[in-house]
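Listed below are the residues making up each chain.
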Amino acid sequence: MNILVIGAGGREHALAWQCAKDDKVQQVYVAPGNAGTALEPKCQNVILTDKKDADEHSAVIEFCQNNAIDMVIVGPEAPLVTGIIDACREAGIKAWGPSAYCAQLEGSKTFAKEFMAANNIPTAAYQGFTDAVSAKAYINEQGAPIVIKADGLAAGKGVIVAETIEQAYDAIDDMLADNKFGDAGSRVVIEQFLQGEEASFICMIDGDNVLPMATSQDHKRAFEGDTGPNTGGMGAYSPAPVVTNEVHEKVMTQVIQPVVDAMKAAGHPYTGFLYAGLMIDKAGDPYVIEFNCRFGDPETQPILIRLQSSMVDLVAQGLAGTLPSQADWDKRPALGIVVASKGYPETSSKGDVISGLPELDNKDSAVKVFHAGTAFAHGTATDNLTADTQHDQDKEIITNGGRVLCVTALADSILEAQQAALTVTGAISFEGAHYRRDIGYQAIARNS
């Protein structure tokens, strides 16, 4: 069978790699992909249009029809929010993900908060604003710390945890007055600051049935000790020990099942991946920080390196409405460290030569390097992303975005996985490369 994975990041590399391992799969096309997916066995990068707009529905549909695509897996949020799944379904193409209606859970913070309030899903108290004066008046009433969120999609960076009133004012000015996040920040949601430990709870849903994936914990702040600005994610590990069996049950009954039931009742059954970013308080009660309508990044990498079931079979069962309630997992924990480019998250650097990368298909290693913001140094953009570079290990690889790589390791403990990932990460270099050395510190502290 032939599969199309839409996206260019580390999440898509991990999804394509997992799908390509299945003997039933002949070819995995990745649109547009990166240098890592170009070098992966049975994977081929493709440009769907000369505008690189893989989220343009007609280009996706035309490619699927011309290349006998049996299954489409959508990685990033933007095409989901704009309705790529709806368009594929109308064209008779099997595509995994939520409809545009359901994807509003990520596409609009206001929609998500109103949805949670209507369905008694635990979350932080909030209010939405479109003008800076009213927003600042509310901040004065609530005090700090407080959380400011751009309403729309902002690539994981539209969230400011303001420690002071002044920081909150600056965030409001950036979003509402200075238009830092464009249309995404034309409306803001201001939330109560929640205390506790964060966890990522990702599941597959087929409209009725729910398959929880392995739990994980992301590290959003740029610098060690969870300091610095928010990013798209600087690393993650799986499983997350904060999600005990009791917490897991609460999440399923208080968060996930209400989403399934409410979407079905609204006439829009939820299908695809659903990500609940959670805050677990000291009592073990979960509160939803945010919903994402896709697999998280970088959580995908440590989760999928542990997956022993066939990703292809699970998606096929999801499309058929027959998802199982459990999957098979490697009992060992996994941990991924993101290597970012110079200036990230405020800016990113492109064109810096990457050295020290291990062989991509080293089957004997418990460490896998997933590519995200990478490309090949020579040739046109199209040359960088097509079969011309397939398995050409001599091609020079360069940075092509903010988050460049995710070095992911399996080991007998989180600490050992961290050390294995750090060893490989330390051998990789490019100008301005930076990464956190403390990924997994909360789980390590629990076990010490």
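On a predicted model such as this, the values are computed, not experimentally measured, just so you know.

Turning our attention to helix H3 (residues 57-66). If you check which residues of H3 are buried, you get Ala 59, Val 60, Ile 61, Phe 63 and Cys 64. The inward-facing, buried residues of H3 abut strand S1 (2-7), strand S2 (27-32), strand S4 (71-74) and helix H5 (84-90). Trailing H3 by a residue or two, Ala 68 shows a phi angle of about 50 degrees, which is positive.

Okay, the packing of aromatic side chains next. Counting across every chain of the model gives seven aromatic pairs. The interplanar angle of 85 degrees and the centroid separation of 5.8 Å between the aromatic rings of Tyr 101 and Phe 111 together place this pair among those described as edge-to-face. Here Tyr 101 is found in helix H6 (residues 100-107), whereas its partner Phe 111 is found in helix H7 (residues 109-118), with ten residues between them in sequence. On the basis of relative accessibility, which here comes to 31%, the residue Tyr 101 falls in the partly exposed class. With a centroid separation of 4.6 Å and an interplanar angle of 45 degrees, the aromatic rings of Phe 273 and Phe 295 are classed as tilted. Of this pair, Phe 273 sits in strand S16 (residues 271-280) while Phe 295 sits in the loop between strand S17 (286-292) and helix H11 (300-306), and the two are 22 residues apart along the sequence. On the basis of relative accessible area, Phe 273 is assigned to the buried category, the value being 3%.

Turning our eyes to something else, we now look at the packing of helix H8 (residues 132-142) against helix H9 (residues 165-177). The relative placement of two packed helices comes down to the angle between their axes together with the axis-to-axis distance. Where H8 meets H9, the axes come as close as 10 Å, and the angle between the chain directions of the two elements is 160 degrees. The orientation of H8 with respect to H9, classified from their angle, is roughly antiparallel. In the packing of H8 onto H9, the handedness of the crossing is right-handed. Facing H8, whose interface residues are Ala 132, Ala 135, Lys 136, Ile 139 and Asn 140, H9 presents Ile 165, Ala 168, Tyr 169, Ile 172, Asp 173 and Leu 176.

Once that is clear, we can look at the environment of Val 5. The residue Val 5 is located in strand S1 in this model. Residue Val 5 is classed as buried on the basis of its relative accessible area, which comes to 0%. Remark: the alpha-carbon pair of Val 5 and Ala 95, spanning 90 residues in sequence, is separated by 9.8 Å.

Rules and cut-offs
- Residues numbered from 1 in each chain as written.
- Predicted model: local features only at pLDDT ≥ 70, side-chain atom pairs only at ≥ 80, totals over all residues.
- Heavy atoms only, no water.
- Buried < 20%, exposed > 50% of the residue type's maximum accessible area, 1.4 Å probe, protein only.
- Helix = DSSP H or I, 4+ residues; strand = E, 2+ residues; numbered from the N terminus.
- Contact = heavy atoms within 4.5 Å.
- Phe/Tyr/Trp six-rings, centres within 6.5 Å; stacked < 30°, edge-to-face > 60°.
- Axes fitted to C-alpha atoms, helices over the stretch in contact; angles between N-to-C directions.
- Parallel < 35°, antiparallel > 145°, perpendicular 65-115°, else oblique.
- Left-handed = near helix turned anticlockwise from the far one by under 90°.

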